[in-house]
Amino acid sequence: YEAEQLSMGRKVALKVLPFAAMLDPKTVRRFQNEVRAAATLDHPHIVPVYFAGEERGVHFYAMQLVGGRSLAALLAELRKLEDEPTGQPISSMDELLSLITDNVGGDSDTSEETEAYSAEPQRPHQDTEPQHQAATPHNRLSRDYARSVAELGIQAAEALQHAHESGVVHRDIKPGNLLLDNRGQLFVADFGLARIEADMGTTMSGDVLGTLRYMSPEQALGKKALVDARTDIYSLGATLYELLSLAPVLDGRDRQQLLRQIAEEEPRPLRRVNPQLPPEVETIVHKAISKDPPDRYASAEELAEDLRLFLDNKPILAKPPTAWQRLQKWSSRHAGQLSAAISLLLVVA
């Protein structure tokens, strides 16, 4: 809810745990964990918590009201523009921001859950993720558009680095949880599924938590021992992929198809989806969304640094995988199928 903090005379975003949810102890603990995780962090790109409390059995906390939209809403506007036959390409942050300021409070369907701390209207939660057709070469996204996305990526990565250094792993990074205000400032929000290293039990880390389409493979497949800061790097990479291509990194239409893609399929190369992208951007994003955690950036700061190098027109640190490396990864992932095929060939021979 949008509310007013009378003692300070300022508008705030008020998040309230529904009274019915009080009947579920796990939901209450998760809400308390969200408050604790967010209140622990102090960074210019993380939505700050002002205060928390309980009133007549209702838990709540107040935070900064971000006057803008989520990246999910921005993606919805970009997809609308992509369908228009005419118009100038989008190339600058100012042009991206115009999509926010022109449409705040409008009726654009984000097809994502919108949290209450954004100034855009809240829409019903959907159990299934949005379906998008595979993108075609873009007429409305100029080559310079990638630079604007890189700026957003740096802000998000810096916020995640601060969280990780504070012992907090977000575990639900996605376009709907990244808010952009009308000054071009990005905010990471919704730490409801965060894992706090100092109190692992509170977060129910054995559950498969998060939004499947943006989950890292180790998170989606329940390999909880491998879930660390690199899972947020994957999810941020998946978000950048979608911003740059207007297509999700995985296009499965149901849970089982998505899980199969997560386990077995590599995303389409970004420059096949959007040929106008610079090769460096493709290399950075694909390193971030590598299926194996050791192949990703070791930290969010490393991801931010490569994005800075790209913006400064300097050589990036990441290198695209060689054909041999791609073959090795494919063979490792499909070892069972290869073994069965070889056995069949031997029987036939």
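Going by the structure above, here's the rest.
Because the structure is a prediction, the values reported are computed rather than measured.

S.K.: How would you summarise the nonpolar core if you had to cite specific residues and measurements?
M.R.: Ranked by size, the top nonpolar core spans 71 residues in total, and within it L78, Y145, F191, L236 and L244 carry the most contacts. Element by element, the count of residues in this core is highest for helix α4 (residues 145-165), at 11 residues. Those residues within four positions of L78 in sequence are excluded, and the remaining contacts are I90, L96, L99, L141, Y145 and L246. The next biggest cluster of nonpolar side chains, apart from the first, holds 13 residues, and it includes V28, V35, V47 and F187.

S.K.: Can you lay out the pairing of strand β2 (residues 10-16) for me, pointing to particular residues and giving the numbers?
M.R.: Where strand β1 (residues 2-5) lies against β2, 4 bridges are found, and the strand directions are antiparallel. Bridging from a neighbouring strand, E2 pairs with A13 of β2. Once β1 ends, the chain turns through 4 residues before running back antiparallel as β2, passing G9 with a positive phi of about 65°. Pairing of β2 with strand β4 (residues 58-64), which is carried by 5 bridges, proceeds in the antiparallel orientation. Bridge pairing in β4 places V12 opposite Q64.

S.K.: I'd like a rundown of the sheet that holds strand β3 (residues 49-55), residues and numbers included.
M.R.: With antiparallel pairing, 4 strands are arranged side by side in an open sheet as β1-β2-β4-β3. Edge positions in the open sheet fall to β1 and β3, since each of these has one partner strand only. Between one strand axis and the next, the sheet turns by 35° as a mean value, whatever way the strands run. Across the face of the sheet, helix α1 (residues 25-40) comes into contact with β2, β3 and β4 while running at roughly 25° to β4.

S.K.: Hey, could you go over the sheet that holds strand β8 (residues 186-188) for me, with residue numbers and the actual values?
M.R.: As summarised here, the arrangement of the 3 strands in space is β5-β7-β8, forming an open sheet in which the pairing is antiparallel. Here the strands that pair on one side only, and so sit at the sheet edges, are β5 (68-70) and β8. Averaged over all pairs of adjacent strands, the angle between their axes in this sheet comes to 25°, without regard to strand direction. Here 3 bridges tie strand β7 (residues 178-181) to β8, and the two strands are oriented antiparallel to one another.

Definitions and cut-offs
For every chain, the first residue of its written sequence is number 1, and the numbers climb from 1 along that sequence. For a predicted model such as this one, the threshold for reporting local features is a pLDDT of at least 70, and the threshold for listing and counting side-chain atom pairs is 80 or more; totals across whole chains, interfaces and linings nevertheless cover every residue. By convention in this description, side-chain values take in all heavy atoms of the structure and omit both hydrogens and water. Take the buried residues of types Ala, Val, Leu, Ile, Met, Phe, Trp, Tyr and Cys, join any two whose side-chain atoms come within 4.5 Å, and each joined set is a nonpolar core. Summary of the burial criterion: residues with accessible area below 20% of their type's maximum are buried, those above 50% are exposed, and those between are partly exposed, where the area comes from a 1.4 Å probe applied to protein chains only. We count a stretch as a helix when DSSP gives it H or I for four or more residues in a row; a strand needs E for two or more, and each element gets its number in order from the N terminus. Throughout, a contact is declared for two residues whenever any of their heavy atoms are within 4.5 Å. Should DSSP find at least two bridges between two strands, the strands are taken to pair. To obtain an axis, a line is fitted to C-alpha atoms, over the contacting stretch when the element is a helix, and the angle between two such axes runs from 0 to 180 degrees between their N-to-C directions.

Any link to function would need more than the numbers given here.
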